[in-house]
Amino acid sequence: MDRLLQKMQKKGVLLDTNLFILLIVGMVDPKHISTHKKLKSAYTADDYKILLTTLSTCRKIVVTPHVLAETSNLVVHGMHGELETKAYLTLQALSQADNFVETHDAISTIVLNAGYTQYGVSDIGLLEALKNELVLLTDDFKLSGYAESMGYEVLNYKGIQYYIAEYVAKSK
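Cut-offs used in this document
Residues numbered from 1 in each chain as written. Predicted model: local features only at pLDDT ≥ 70, side-chain atom pairs only at ≥ 80, totals over all residues. Heavy atoms only, no water. Buried < 20%, exposed > 50% of the residue type's maximum accessible area, 1.4 Å probe, protein only. Helix = DSSP H or I, 4+ residues; strand = E, 2+ residues; numbered from the N terminus. Arc of directions from axis to C-beta. Axes fitted to C-alpha atoms, helices over the stretch in contact; angles between N-to-C directions. Parallel < 35°, antiparallel > 145°, perpendicular 65-115°, else oblique. Contact = heavy atoms within 4.5 Å. Nonpolar A, V, L, I, M, F, W, Y, C, P; charged D, E, K, R; others polar. Expected span 1.5 Å × (residues − 1). Bend = angle between axes of the 7 residues up to and from the residue.

Caption draft 1: How the structure looks around helix α1 (residues 2–10). Listed in full, the buried residues belonging to α1 are Leu4, Lys7 and Met8. One side of α1 holds all its buried residues, which, seen down the axis, span an arc of 100 degrees. Among the exposed residues of α1, those pointing more than 90 degrees away from its buried face are Arg3, Gln6 and Lys10.

So, in structure tokens, the structure goes:
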């Protein structure tokens, strides 16, 4: 894990949809993580803090257009009015940050990947983007397992949670 975290710091991290949603909702207001449809059963405000700390050490944060589209659609589930506007403005601000990069692979390339029919456009788009020497940060065990089997470098967010819990337990 240390080697992957160091690589993320040096080269950058490719962020999957659920974690991008966690980042945006947390930036809007961490209290909403516990009520957000996509996040409430899997994440807490502490998870947001861990994600934010992890990402703050990365040289760049990379997403694909597919992750951006999914995030834009899903981040506002259950949000209305001012809260919905804040979520969209947070996504807008992140997309303008100096360390934020959007990478794109043509659909004609994505659909030729052997895993396309099992994983779809968004996940295979992430794998195609990994060819740029990045580390994928995801919470999707199925995707991370497939990516690792294909030789890509992946850090499952649940691993970071476990690593931190283990560290805290040892330091007590």
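Caption draft 2: The packing of helix α4 (residues 65–74) against helix α7 (residues 116–129), seen in detail. Relative orientation of the contacting elements α4 and α7 amounts to 135 degrees, with a least axis distance of 8 Å. Comparing their axes, α7 and α4 come out oblique. Residue-level contacts link His66, Val67 and Glu70 of α4 to Val121, Ser122, Gly125 and Leu126 of α7. Looking at the contact of α4 with α7, its residues break down into three nonpolar, three polar and one charged.

Caption draft 3: Broad picture of α7. With 14 residues, α7 extends only 14 Å from end C-alpha to end C-alpha; this falls clearly short of the ideal 20 Å at 1.5 Å per step. If you look at α7, its biggest bend is around 80 degrees, right at serine 122. Taken together, the buried positions of α7 are occupied by Tyr119, Ser122, Asp123, Ile124, Gly125, Leu126, Leu127, Glu128 and Ala129. Against β1 (13–15), α2 (17–28), α4, α6 (107–110), β4 (135–138) and α8 (141–149) lie the buried residues of α7.

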